[in-house]
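Each chain is listed here by its residues.
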Amino acid sequence: MNKNKYKIILPVEVKNRELISRLLLGLNLLTRLDCEIIIGSQRDLGNYYQNMKNCLYLDKSISVKKFDFIKQISKNNDYFSLDEEGSYFWFEDMTFRLRFSKKLLALVDKILLWGKTDEFLLKKKKLLNNKKFLVFGNPKFELLKKPFNIFYEKEKKFLTKKYGKYILCVSSFVLYCDGIRDPAASENFIKRNYLKAKTDKRKYEKFIKDKRSYENYLYFIDRCKNLATSNPDKIVIFRPHPFQDINLVKKRFLRKPKNLKIIYNNELTPWIMGCDFYVHAGCTSVLEAYFLKKKILNFTKKQFLKRHFIFEKISKPLLKNKNIKLTNNFGKNGIINKKFFSEMIFNYDNHDNYEQLIKIIKKNLHKNSIFFKDNFFQRYSKSLILKIQKFNQRSYFTKQYLDQKLKIIKFSEIKSKVNLFEKIKKDKNFFKVEQFDNNLFRISRSNSN
C-alpha cells in the first residue's frame, strides 16, 4: 500500500444494496484522480480508524448517533457522505431528524444529495448550506443504463431464462412484520441511542406500533397470492426484505399456489431488470422499476407514510379488483415523468455528476495520506469492547442480522467487477486489486507505485 498516495475510503454496510454502486463510484474517481481506493466492510474498517490521516472517508450515511465517530474521523481527514438508504425527500420527519443536526453538520465537509428535491427539503428545514451540500445523484442509477448495466446482465439473463416473464413482488416490511430483529429490543435500542427528548420517544413508539403497517403487510401477501392464482401461466416471485426472516415469511404462505415462489437471493437490481411486472406496497426500489419502464402495480392498502403519497405519483394503489389478469398492456408505465425524476435523481438526465465532485476533492488532495492498522493492543482492546457491546445488544444485532448486512466479500467478486469496468473503458490492466484484510480491498492504477 502506497504510504503517501491519497486514499479514498468507501465503507460498505449492506453488501446487496451498496457494494456494486460504491465500487462504481470508486472506480470513476480513480480514473480521474491520482489516488487509491479502499473499499470493504464498514465493520472491518474499524481496526484502521484510529490511524487514518489525510484520507477522504466517503460514508454511506450520516446520523446523530455517529457524532463521536464523525468527530474523530473529520479531525484528521475529509468526511463526505452519500446516503445509500434513499433520498432525504422521502424520509419521515423522525428519520430525517436522526440524520441531521446543526452540531453534526459543523463536522461534515460535504454531503452528496440524490437530487434537487433533497435540496428543497433542506432549504425548508433551514439546514441548506451550499458549502456543505452537493447535488450529485447516485451511481446505483448509472447501473441501470448502458454501458454499466453489463454489471447485472449475466444474472438478469439467468433469471429470465429460469423464470420467463416473471412477476416480482418486493416486500418492504420489517419491524413487527416477520423481521429478524426482536421488535422490543429494536425499539429500546433506537430510543436509547438515538432519541433523547421524551416527545421524540413517544412519537417513535406511536410510529413503529402503528397497526396500519402490519395490515398493509398482510394485505400485500394476500394480493400477491391472488396474482399467482389469477395468472397460473406466470411465475410470481415474492422477495422478502433483507431484514425479514424468510422462514417466518414462508409460514404466511401456507397452501400457496404452485407458481408462487419465495426467494431472497443476491442483489435486488437484476431481479427488477429481468421482471415483466413489478409489484410493491411503498418500497423505494420502485424508483428503479420506474427508471426501467417496468409495468408497476401498487398494493398499498392504507397510505400513511410520506413515501406512500410520493410513489402514488408513479402508480396509484390497486384495491378494488382482487383477481387481476395480467396482460402485456396492463399497468404499462408508459412515458417517464421526466420532471419528477430529474428533480429526485440528478443523474437521470445523463449529467456528468463527477466533475464538480472531482473539483472539490482536488482542493484538499493530500500527498501524505496515511492508512494503517491499529497495533495489537489497540485491536484487542477495541475487540473486547465490541464483544461486550454486542453481548448487551445481542437481541438487536443478531448473527442473522449481521450476516444479512455483510457476511463476506470475496476477492473474486471485486476483481470480476473491476474487470467489467475495464472492459467498458476498453483499457486492459487498468487497475490493480489487492485484498489486504478480511473484506477489505485496495484498488489502484496499475501504473502507480
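**Points about the layout of surface pockets**
Any space left empty among the atoms is revealed by the rolling of a water-sized probe across them. Space inside the second largest pocket adds up to approximately 480 Å³. Taken together, 14 residues form the lining of the second largest pocket, with I20, F151, E155, E413 and K417 sitting closest to its centre. When contributions to the lining of the second largest pocket are tallied by element, the ones reaching two or more residues are α1 (15-30), α7 (150-163) and α19 (411-425). Each residue belonging to the lining of the second largest pocket can be placed in one class, and the counts come to 5 nonpolar, 3 polar and 6 charged.

**What to know about the side chain of E288**
For E288, the position within the fold is in helix α13 (residues 286-291). Discounting chain neighbours no more than four positions away, the residues touching E288 are K140, F141, L144, T269 and I272.

**Quick look at a positive patch on the surface**
Among the surface-exposed residues, K162, K250, K256 and K261 lie close enough to one another that they form a single positively charged patch. You can see K250 is positioned in helix α11 (residues 246-251).

**Notes on helix α10 (residues 211-230)**
Compared with the 28 Å implied by 1.5 Å per residue over 20 residues, the 29 Å span of α10 between its first and last C-alpha is a close match. Taken together, the buried positions of α10 are N216, Y217, Y219, F220, I221, R223, C224, N226, L227, A228 and S230.

**Overview of the sheet that holds strand β2 (residues 35-41)**
Strand order in the open sheet made by the 8 strands is β6-β5-β4-β3-β1-β2-β13-β12, with mixed pairing throughout. Bordering the open sheet on either side are β6 (133-135) and β12 (431-437), each of which pairs with just one other strand. Neighbour-to-neighbour, the strand axes of the sheet open up by a mean angle of 20°, direction not taken into account. Direction of pairing for β2 relative to strand β13 (residues 440-445): antiparallel, over a ladder of 4 bridges. The residue bridging G40 from the neighbouring strand is L440, located in β13. With respect to the sheet, α1 is in contact with β1 (6-12), β2, β3 (56-59), β4 (78-82), β12 and β13, its orientation differing from that of β1 by roughly 165°.

**Details of the sheet that holds strand β10 (residues 277-280)**
Sheet architecture is open: 5 strands sit in the order β9-β8-β7-β10-β11, paired in parallel fashion. Each end of this open sheet is capped by a strand with a single partner; those strands are β9 (260-262) and β11 (295-298). Averaged over all adjacent pairs, the angle separating strand axes in this sheet is 20°, with direction ignored. Pairing analysis gives 4 bridges linking strand β7 (residues 167-170) to strand β8 (residues 236-239), with the strands arranged parallel. Its bridge partner being in β8, I167 is matched across the sheet by V236. Lying on the sheet, α10 is in contact with β7, β8, β9, β10 and β11; it crosses β8 at an angle near 160°.

**Some remarks on the nonpolar core**
Core analysis: the biggest nonpolar cluster contains 106 residues, and L29, F100, L168, Y278, L287 and I443 have the highest contact counts within it. Top element by residues in this core is α1. It accounts for 8 residues. Formed by 24 residues, the second largest nonpolar core is a distinct cluster that contains C177, Y219, I221 and C224.

**Observations concerning the pattern of salt bridges**
Inspection of every chain in the model, using the stated rule, returns 26 salt bridges. Note that R22 is salt-bridged to E84, the shortest N-O span being 3.2 Å. Note that R22 is positioned in helix α1 and E84 in the loop between β4 and α3 (93-99), a separation of 62 residues in sequence. Under the relative-accessibility criterion, R22 is labelled buried at 0%. Owing to a relative accessible area of 2%, E84 belongs among the buried residues under this scheme. Notably, a salt bridge pairs E434 with R442, separated by 2.1 Å at the nearest N-O pair. Note on R442: relative accessible area 5%, which makes it buried. Here the residues in one salt-bridge network are E13, K60, D83, E85 and R99, joined through shared partners.

**Structural notes on unusual backbone geometry**
With an omega dihedral of 5°, the bond running from K146 to P147 counts as a cis peptide bond. Looking at the element boundaries, P147 is found in the loop between α6 (139-142) and α7. With a phi angle near 60°, K126 is a residue other than glycine that sits in the positive phi range. With respect to the helices and strands, K126 occurs in the loop between α5 (116-124) and β6. The backbone of N439 shows a phi angle near 60°, a positive value even though the residue is not glycine. Relative to the helices and strands, N439 resides in the loop between β12 and β13.

Basis of the calculations
- Residues numbered from 1 in each chain as written.
- Predicted model: local features only at pLDDT ≥ 70, side-chain atom pairs only at ≥ 80, totals over all residues.
- Heavy atoms only, no water.
- 1 Å grid on protein atoms, 1.4 Å probe; cavity = no way out; pocket = protein on both sides within 12 Å on 5 of 7 lines; lining within 4 Å.
- Points joined across faces, edges and corners; volume = space filled by probe spheres on them.
- Helix = DSSP H or I, 4+ residues; strand = E, 2+ residues; numbered from the N terminus.
- Nonpolar A, V, L, I, M, F, W, Y, C, P; charged D, E, K, R; others polar.
- Contact = heavy atoms within 4.5 Å.
- Patch = residues over 30% accessible without salt bridge, like charges linked within 9 Å, V, L, I, M, F, W, Y side chains within 5 Å.
- Areas by Shrake-Rupley, 256 points an atom, 1.4 Å probe, with all protein chains shown as cover.
- Salt bridge = Lys/Arg side-chain N within 4 Å of Asp/Glu carboxyl O.
- Lys, Arg positive; Asp, Glu negative; His and termini not counted.
- Charge placed at Lys NZ, Arg CZ, Asp CG, Glu CD.
- Expected span 1.5 Å × (residues − 1).
- Buried < 20%, exposed > 50% of the residue type's maximum accessible area, 1.4 Å probe, protein only.
- Pairing = 2+ DSSP bridges.
- Axes fitted to C-alpha atoms, helices over the stretch in contact; angles between N-to-C directions.
- Core = buried A, V, L, I, M, F, W, Y, C linked by side-chain atoms within 4.5 Å.

Shape descriptors only; they carry no functional weight alone.
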